[in-house]
Amino acid sequence: MNRISGNKLLVKALREEGVDTIFGYPGACTIDISDELYKQDYTKVILPRQEVALVHEADAYARTTGKVGVCLVTSGPGATNLVTGLATAYYDSVPLVCFTGQVARHLIGNDAFQEVDIVGITRSITKYGVTVRNREDLGKIIKEAFYIARTGRPGPVLIDLPKDVMGELGDASYPSEVNIRGYKPNTHVHVGQLKRSIKMLQKAKRPLFLAGGGIMISGARKEFTEVAEKTNVPVITTVMGRGAIPTNHPLYIGNVGMHGAYASNMAVSECDLLFSIGTRFNDRITGKLHSFAPKAQIVHIDIDTAAISKNVQVDVPIVADAKGALEKMIEYVEACDTKDWLSKIDGWKTEHPLVMKKKPIMTPQNVLDAINRLFDEAIIVTDVGQHQMFTAQFAEITEKKQLIMSGGLGTMGYGLPGAIGAKIGNPDKPVISISGDGGMQMNIQEIATAVLEELPIISCIFNNNNLGMVRQWQKLFYGKRYSMTCLHSGAACRGKCGEVSCPPYTPDFVKLAESYGAKGIHISKKEEIESAFLEAMKSQKTPYILEFDIDPEDLVYPMIQPGGTLEDMILDC
């Protein structure tokens, strides 16, 4: 019998699973795996600057390619640095398989050097986690990990690899099939429930589609657009569902929820049937639960049984993959009488259009309008904060454009590494990241990764010198007490705000970009926006940082009042 080490079997498994890219950072407990990866030429190894960013890169690679993202890190701090990224992927249903090194089995539980119970630490933020205790189980466990990660509601899986297990010789074969007792993801649509929901849709006077991230995950944008067009039913989206139907489509109203469009939030409050697909109904879109869609019957299609009626009680539950359900719907749906309803929605749009006030100085909308004009095709990756919400409001997402972000967890620092992972997975597509000056600094070391991998990403920084989203809350609800949000703040001005001059802003992003071997442009006037993008778009191998001066008084509106309903919107101030 041919026998090979666990390290060799892992590398063989990566090839068998079609893993063309792995994001890895080495250490003592994975050095033998690194050595085996060095000997092969199928799987490309990306070396980021830190594990926190590494997992975001694998995450964005997965979101934009439809493949499973794969990570390899060492034990101890290497493993614990994955925690935030695993939670990010878990809440947004991103398929990852993360391999962590572990000390030898006889040392586990003895507080050995760089030993942590990473399976225990991440149990609530992974779909499945396991420490491999026997060499003969390794192939089966890896095969199951990839299957679990990508089926049902996708999510991250963690496999912990003790160093001695990986050094042992064992069976060289890798399983071709998976049969996990107790894990049988639903792959069929309950046609009876679906037909019942379609009858309700036909009878409704004010029907409304709510499209969530599940449509994007299942690759069902085309099918959903066809259903919307066949029925002539208007569409709202969660932030994660933006792009489920082209944002310039006449049936599209806008995002719903905390910073949703006025017309979208009013439509939810007035609809008589809310037909929701692939959303968890989290608090960012519902406002006060008892007042959410108060006049509507609710249909909910979701792949995850646990998500249905978890937050919002629904009338017709349908457990199904979004794409499978929509393909069936195409067969049965007919045009609905929505003329009067669409007219009412148009009235709300006219009454309170989603636009920023025109100003002589540059605004976030000016930047996003330029992106809309200049890029017919793009992957747009955001960080978390005001810039994220501005992007979700104003970025046009059409058939050739994709928007990704950390939605469920709201992870600052996602933008730059997310752009790197997206570009590695989609080398022929333009990739733009949009970050605030706060979020950009959380993983700014990844400029080095972008430079060394020759990735011509365009990283936009909306620099308002503040942690803008928290500052917005402080302005509106905390009497303008700007605690811990000014990024000028330091020893020279602590306790003396307004009494002394602000210290210089640090860092100088353009100089920092240049120090890494990237290029940077500082844009202070709206007339300079387009030329900066055109210059960056010429680059074939070098990343660009475009820093835009943004007024800290530019706030994201509309905004739902804390504890309010979707109708309790602050429209301006």
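Our subject is the structure listed above.
Notes on the structure in this doc start here. Just so you know, these numbers come straight off a predicted model, no measurement behind them.

Regarding the packing of aromatic side chains
Centre distance and the angle of the planes are the two values used to describe a pair of aromatic rings. All told, the structure shown has 12 aromatic pairs when counted by the stated rule. Arranged with centres 5.9 Å apart and planes meeting at 65°, the rings of Phe 23 and Tyr 61 form a pair that is edge-to-face. Of the two residues, Phe 23 sits in strand β2 (residues 21–24) while Tyr 61 sits in helix α3 (residues 51–65), which places them 38 residues apart along the sequence. On the basis of relative accessibility, which here comes to 0%, the residue Phe 23 falls in the buried class. Between Tyr 505 and Phe 509, the aromatic rings sit 6.1 Å apart at their centres with planes inclined by 40°, giving tilted as the arrangement. For Phe 509, a relative accessible area of 0% gives the class buried. Looking at Arg 153, its charged tip hangs above the ring of Tyr 90, at a distance of 5.6 Å from the centre. The ring centre of Tyr 482 lies 4.1 Å from the NZ or CZ of Arg 471, which sits over that ring.

Re helix α11 (residues 221–231)
Residues spaced three or four apart along an α-helix point in a common direction, a consequence of the helix completing one turn every 3.6 residues. For α11, the complete set of buried residues consists of Glu 223, Phe 224, Thr 225, Val 227, Ala 228 and Thr 231. Backbone geometry just downstream of α11 places Asn 232 in the positive-phi region, at approximately 65°.

A look at the nonpolar core
Residues Leu 96, Val 381 and Ile 457 are the most contacted members of the largest nonpolar core, which totals 45 residues. The element best represented in this core is α3, accounting for six residues. Apart from residues no more than four positions distant in its own chain, Val 381 is found in contact with Ile 404, Tyr 414, Gly 415, Gly 418, Ala 419, Ala 422, Val 431, Ile 432, Ser 433 and Ile 434. Counting residues in each nonpolar core, the second largest holds 35 residues, with Ala 204, Leu 251, Ile 277 and Leu 342 among its members.

Let's talk about empty space enclosed by the protein
Inspection of the entire model under this criterion finds one cavity of 30 Å³ or more. The computed volume of the largest cavity comes to approximately 30 Å³. Lining the largest cavity, in full, are Leu 416, Ile 447, Ala 450, Ile 457, Ser 459, Ala 518, Pro 543, Tyr 544 and Ile 545. Elements with a minimum of two residues in the lining of the largest cavity: α20 (447–452) and β20 (544–549). Class assignment for the residues of the lining of the largest cavity results in eight nonpolar, one polar and no charged.

Structural notes on the pattern of salt bridges
This model, assessed by the stated rule, comprises 24 salt bridges. A salt bridge links Asp 59 to Arg 63; the nearest nitrogen and oxygen atoms lie 2.5 Å apart. Here Arg 63 and Asp 59 lie together in helix α3, a separation of four residues that amounts to about one turn. By relative accessible area, Arg 63 is classed as buried at 17%. Measuring nitrogen to oxygen at the nearest pair gives 4.0 Å for the salt bridge that ties Lys 328 to Glu 331. Of this pair, Lys 328 and Glu 331 both sit in helix α14 (residues 322–332), separated by three residues, roughly a single helical turn. For Glu 331, a relative accessible area of 54% translates into the label exposed.

Digging into the sheet that holds strand β11 (residues 252–255)
The strand order β11-β10-β9-β12-β13-β14 describes an open sheet built from six strands, whose pairing is parallel. Edge strands, defined here as strands with exactly one partner in the open sheet, are β11 and β14 (316–319). Between one strand axis and the next, the sheet turns by 15° as a mean value, whatever way the strands run. With five bridges joining them, strand β12 (residues 273–277) and strand β13 (residues 297–302) adopt parallel strand pairing. Its bridge partner lying in β13, Leu 273 is registered against Gln 297.

Examining the packing of α3 against helix α5 (residues 83–91)
Relative orientation of the contacting elements α3 and α5 amounts to 20°, with a least axis distance of 8 Å. One way to sum up the angle between α3 and α5 is to call them roughly parallel. Residues Val 55, His 56, Asp 59 and Arg 63 of α3 touch α5, and the partners they reach there are Gly 85, Leu 86, Thr 88 and Ala 89.

Some details on the sheet that holds strand β5 (residues 96–102)
Sheet strands pair by backbone hydrogen bonding; their relative direction is either parallel or antiparallel. Taken together, the six strands give an open sheet; going across it, the order is β3-β2-β4-β5-β7-β6, and neighbouring strands pair in parallel fashion. Strands at the two margins of the open sheet, each flanked by one partner only, are β3 (44–46) and β6 (128–131). Averaged over all pairs of adjacent strands, the angle between their axes in this sheet comes to 20°, without regard to strand direction. In terms of strand pairing, β2 meets strand β4 (residues 69–73) through two bridges, oriented parallel. In the strand pairing of β4, Gly 24 is matched with Leu 72.

Focus: the environment of Glu 547
Locating Glu 547 in the fold gives a position in strand β20. By relative accessible area, which is 7% here, Glu 547 ends up buried. Sequence separation between Glu 547 and Ile 379 is 168 residues, and the spatial gap between their C-alpha atoms is 19 Å. Beyond its immediate chain neighbours, meaning those up to four positions away, Glu 547 contacts Ile 461, Asn 463, Phe 509, Val 510, Ile 521, His 522 and Ile 523.

Thoughts on the packing of helix α16 (residues 364–374) against helix α17 (residues 386–394)
Their axes nearest at 10 Å, the elements α16 and α17 cross at an angle of 50°. For the element pair α16 / α17, the angle class is oblique. Crossing geometry of α16 relative to α17 is assigned as right-handed. On α17, the residues that touch Pro 364, Gln 365, Leu 368 and Asn 372 of α16 are Phe 390, Thr 391 and Phe 394. Here the contact of α16 with α17 is composed, by residue class, of four nonpolar, three polar and no charged.

The rules behind each value
- Residues numbered from 1 in each chain as written.
- Predicted model: local features only at pLDDT ≥ 70, side-chain atom pairs only at ≥ 80, totals over all residues.
- Heavy atoms only, no water.
- Phe/Tyr/Trp six-rings, centres within 6.5 Å; stacked < 30°, edge-to-face > 60°.
- Helix = DSSP H or I, 4+ residues; strand = E, 2+ residues; numbered from the N terminus.
- Buried < 20%, exposed > 50% of the residue type's maximum accessible area, 1.4 Å probe, protein only.
- Lys NZ or Arg CZ within 6 Å of the ring centre and 35° of its normal.
- Core = buried A, V, L, I, M, F, W, Y, C linked by side-chain atoms within 4.5 Å.
- Contact = heavy atoms within 4.5 Å.
- 1 Å grid on protein atoms, 1.4 Å probe; cavity = no way out; pocket = protein on both sides within 12 Å on 5 of 7 lines; lining within 4 Å.
- Points joined across faces, edges and corners; volume = space filled by probe spheres on them.
- Nonpolar A, V, L, I, M, F, W, Y, C, P; charged D, E, K, R; others polar.
- Salt bridge = Lys/Arg side-chain N within 4 Å of Asp/Glu carboxyl O.
- Pairing = 2+ DSSP bridges.
- Axes fitted to C-alpha atoms, helices over the stretch in contact; angles between N-to-C directions.
- Parallel < 35°, antiparallel > 145°, perpendicular 65-115°, else oblique.
- Left-handed = near helix turned anticlockwise from the far one by under 90°.

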